[in-house]
Amino acid sequence: MNGFSNSIAENVRRSINIILVILQKEFLQIFRNRGMLPIIFIMPFIQLLILSNAATFDVKNVPFHLQDLDRSSLSAKLAERFTGSGYFMLTGESFTGDQAIRELVARRADLVLVIPRDFERDLMTSGSAAVQLLINAEDGFSAGVIQGYTGQIIADFNREHQFPPQVAAGTVVPEIRIKSSAWYNPELNYTHYMVPGILVILVTLIGLFLSGMNVVREKEIGTIDQINVTPVKRYQFITGKLLPFWIIGLGELTLGLLIARLVFHVPMLGSYWLIYLVASVYLLVVLGMGLLISTVTETQQQAMFIAWFFMVIFTLMSGLFTAIESMPHWAQTLTLFNPVRHFVDIMRRVMLKGSGLADIARPLLILLACAAVMLALAVNRYRKVSA
Amino acid sequence: MTSFRAFVLKEFYHIFRDRRTAVILFGMPVLQLLLFGFAIRNEISEVKLGICDLSHDHVTRAITGKLLSTATFVARINLQSPLEIGPAFASGEINEAVVFEPGFAARLQRDGAADMQVITDGSDPNVSRIVNGYTASVIQDYLREQSGDAPPAGVVAVPVMLFNPELRSVYLFVPGLMALILMLVSALMTSISITREKESGTMEVLLVSSLRPAEIILGKVVPYMLLAFINVLTILALAFLVFGVPCRGSVVLLILESLLFIVTALSLGIFISTITDSQQAAMMISLGGLLLPTILLSGFIFPVASMPLPLQVFSNIIPAKWYLIIVRAIMLKGAGFSYFWQETLVLVFMTVILMTASVRKFSERLQ
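Since we're looking at a predicted model, the values are computed, not measured.

Conventions and cut-offs
Residues numbered from 1 in each chain as written. Chains lettered and ligands numbered in written order. Predicted model: local features only at pLDDT ≥ 70, side-chain atom pairs only at ≥ 80, totals over all residues. Helix = DSSP H or I, 4+ residues; strand = E, 2+ residues; numbered from the N terminus. Rg over C-alpha atoms; globule rule 2.2 N^0.38 Å. Buried ≥ 20, exposed ≤ 12 C-beta atoms within 10 Å, placed from the backbone. Contact = placed C-beta atoms within 7 Å. Pairing = 2+ DSSP bridges. Right-handed = clockwise from strand over helix to strand, strands pointing away. Nonpolar A, V, L, I, M, F, W, Y, C, P; charged D, E, K, R; others polar. Domains from an automatic or database assignment. Core = buried A, V, L, I, M, F, W, Y, C linked by C-beta atoms within 7 Å. Axes fitted to C-alpha atoms, helices over the stretch in contact; angles between N-to-C directions. Parallel < 35°, antiparallel > 145°, perpendicular 65-115°, else oblique. Left-handed = near helix turned anticlockwise from the far one by under 90°.

**Focus on the overall build of chain B**
Right, so step 1: In terms of helices and strands, chain B carries 15 helices and five strands.
Right, so step 2: In terms of overall size, chain B is more extended than a compact globule, its C-alpha atoms giving a radius of gyration of 28 Å where 367 residues would be expected to give roughly 21 Å.
Right, so step 3: Projected onto the principal axes, the alpha-carbon positions of chain B cover approximately 95 × 45 × 40 Å.
Right, so step 4: Within chain B, the fraction of its 367 residues that count as buried is 46%.
Right, so step 5: A separation of at least 24 residues holds for 79% of the contacts in chain B among residues at least 6 apart in sequence.

**Details of the pairing of strand E1 (residues 62-68) of chain A**
All names here are of chain A.
Right, so step 1: Of all seven residues in E1, six are buried; the element is thus mostly enclosed.
Right, so step 2: Two strands pair when backbone bridges link them, and E1 and strand E2 (residues 88-93) are joined in this way by five bridges, in the parallel orientation. What sits directly across from Pro-63, in E2, is Met-89.
Right, so step 3: Once you follow E1 into helix H4 (residues 73-83) and on to E2, the crossover reads as right-handed.
Right, so step 4: Bridge count between E1 and strand E3 (residues 111-115): five bridges; the pairing is parallel. For Phe-64, the partnering residue across the bridge sits in E3 and is Leu-111.

**Some details on the interface of chain A and chain B**
Many analyses report the size of an interface as the accessible area lost when the parts associate.
Right, so step 1: Counting residues at the interface gives 99 residues for chain A and 100 residues for chain B.
Right, so step 2: Here the side of chain A that touches chain B takes 13 residues from helix H12 (residues 300-316) of chain A, the largest share from any one element.
Right, so step 3: Considering only residue class, the side of chain A that touches chain B consists of 57 nonpolar, 29 polar and 13 charged.
Right, so step 4: For strand E4 (residues 128-136) of chain A and strand E5 (residues 154-162) of chain B, the ladder comprises nine bridges, and the chain directions are parallel.

**Points about the domain arrangement of chain B**
Right, so step 1: What the domain assignment lists for chain B is domain 1 (10-40 + 167-366) and domain 2 (47-147).
Right, so step 2: Each of domain 1 of chain B and domain 2 of chain B was reduced to a C-alpha centroid, and the two centroids are 48 Å apart.

**A short note on the nonpolar core**
Side chains that are nonpolar tend, in soluble globular proteins, to be buried together.
Right, so step 1: Phe-209 of chain A together with Leu-182, Leu-184, Leu-188 and Leu-287 of chain B are the most contacted members of the largest nonpolar core, which has 194 residues in total.
Right, so step 2: Considering each element in turn, this core owes the most residues, 19 residues, to helix H7 (residues 169-200) of chain B.
Right, so step 3: Sequence-distant contacts of Leu-287 of chain B, defined by excluding residues within four places in its chain, comprise Phe-209, Met-304 and Trp-308 of chain A together with Leu-184 and Leu-188 of chain B.
Right, so step 4: Listed in part, the 27 residues of the second largest apolar core include Val-59, Ile-85, Phe-89 and Ile-130 of chain B.

**A closer look at the packing of helix H8 (residues 190-221) of chain A against helix H10 (residues 234-262) of chain A**
All names here are of chain A.
Right, so step 1: At their nearest, the axes of H8 and H10 sit 10 Å apart, and the two run at 160 degrees to each other. Our classification of the angle between H8 and H10 gives roughly antiparallel. Judged by the sense of rotation from one axis to the other, the crossing of H8 with H10 is right-handed. Residue-level contacts link Val-195, Pro-196, Leu-199, Leu-202, Val-203, Ile-206, Gly-207, Leu-210, Ser-211, Asn-214 and Val-215 of H8 to Lys-241, Leu-242, Phe-245, Gly-249, Glu-252, Leu-253, Gly-256 and Ala-260 of H10.

**Considering the sheet that holds E1 of chain A**
Right, so step 1: If you walk across this open sheet you meet the five strands as E2(A)-E1(A)-E3(A)-E4(A)-E5(B), and the pairing is mixed. A single partner strand is all that each edge strand has here, and the edge strands are E2 of chain A together with E5 of chain B. On average, adjacent strands in this sheet sit at an angle of 25 degrees to one another, irrespective of strand direction.
Right, so step 2: With respect to the sheet, helix H5 (residues 97-105) of chain A is in contact with E1, E2, E3 and E4 of chain A together with E5 of chain B, its orientation differing from that of E3 of chain A by roughly 165 degrees.
Right, so step 3: Relative to the sheet, helix H6 (residues 119-126) of chain A contacts E3 and E4 of chain A, its axis offset from that of E4 of chain A by approximately 135 degrees.

**Observations regarding unusual backbone geometry**
Trans peptide bonds make up most of the peptide bonds, and negative phi angles are found at most residues other than glycine.
All names here are of chain A.
Right, so step 1: Of note in this structure, Arg-107 is not a glycine but carries a positive phi near 65 degrees.
Right, so step 2: Of note, Arg-107 is situated in the loop between H5 and E3.
Right, so step 3: With a phi close to 65 degrees, Asp-118 is a non-glycine residue in the positive phi region.
Right, so step 4: As for its position among the elements, Asp-118 is in the loop between E3 and H6.
Right, so step 5: Residue classification places Asp-118 among the partly exposed residues on the basis of 13 C-beta atoms within 10 Å.

Spelled out as structure tokens, the structure:
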């Protein structure tokens, strides 16, 4: 009996030893490759620092062209409201319709304000006058925002100059006072929203590409056969292959969270433990997928194409840049199979809203299921015989 | 010249010998354009609205009904007290909560004013801002209906949405996807092809052959240029036929500019391969290094003009930014060459610099 349990302990010890040896080999290989080190450990963070500022739907500094055909004191006042609003930058003035279109086509203006002749006279006599706004709507979203800005400016102008002349005294215009507030991020700061998501993408990129190229590289240079003839077992080999990238992935996440905290001052309302719990499951999904890609391909080139294909899909369908809610229904359903979507969602909710384990149980369960499926497939596909 | 031709042929064989890669090369861009063209939108819809009605009268019911009748809001969730708002936000059940004060209709009648609260989930600033605006305009509409439509007075703006009157985001995203797909496919393909020769040692064979460095590089570019060109044609055909993106300018010009962009991307790939030693490093740089910057800094989704100034300056080195300006000008604005010769020149300039640098690097190895 004693001998039996001893032999089990012996087996476990030997197995752990083998895994440790493979681990050591992998780490040696990673750190020996001087060309790769900056790519793994520096490039992601430079991107995080730079790109987090780029992702903003704010519309600012709109180039603005003015056509004041009336040249009266009122038209000048209206034009002044536009230039003084802070949203628009006056880039030129002209007096013919053709010129306005040319300015729009040449990107020297995204908004043209046309104040027609007799603007002031109409306003004084009939109490109403029209102005034309030519808006560059290539980007429909920004065009909507620009229209919103102009609406505000004109409403302010009307109020200040008492247009329309006050409604006959005595009638009370009912008013609903709206108190607006945005929770969790009252200043509507975009970087707080983007940094957690971009961090997820970077961790995924590194994890997926490194694990995706790893086994196939050994295939290409032939060293896989050398490992195949050793008594190393399948699970030992795979554990030894994945563990280093899992550790690197968590390390990158830690550095990224530090940058989020210290540089971007992203709040952390939830718990770091929860983030790490989810991340450790999530990395299994990513690494399992990389390994699966690696086992079904023959060359690093093929592996990269497939990894790239999924990476682009995962990134654009993750709700990171455009809201999931605005996708058509079939696309929304597809995103349920996208692990990146769930991790981005969880990161944002835990960091910005302080969601707890119960709140994120559903996406976490989906991630767990993904991890199980991916790892099972990858282990199953990996054979110790070369084709 | 014959040795050069043989070299180009060899490259072709390399590409097509590997069926799987060939299928991926042609199929992937098509699949991606189709998927994203349909799925990626930035119109906000289906906002989940939570209603906390402490008054339950005809006015609050009317306003609630009006909010839910727009396409923007769905899934009314009734909240019994404002205390339920927090948990509903945390679990992601709602994006916006509206609170009516008790006795809403009565106060509106008696005092001429009533209070309501609109709370949005600021963790998504974009949705938050827009949803807030929608809510306010729905309530303005309600009040206007109640008071009877008055004739317009004061300054009235007549907006004209040029180039894209229906404000369709497909018009914005399809050109962006073209740039993204072409950039990554081209840079990836060439960066791999040269580093592979380095890794497998066949580069030494090429270097001692009668081919000059410039010829080797050209020989690498030509086959991939043809491949990418086929990709351009399929992508453009899809853009017109499936997504109905108009081409108001010259199609020939559009194709020529796309070719130029491909050459720029290919030379970027070649440059990457000359500064790296392994396929791994080359791929990590051309994918890991290009994916996010191309999405974020090209104006694909986020307007460049709104970014902080240093980023606007930095975005100038992203080739996709210039290509995107050109493509949108041709397709949507129907502009002629005189409107974007400067952008074209920038792409030419980038290509020349990258090519020269690559040939230099190459010649160095020879000595």
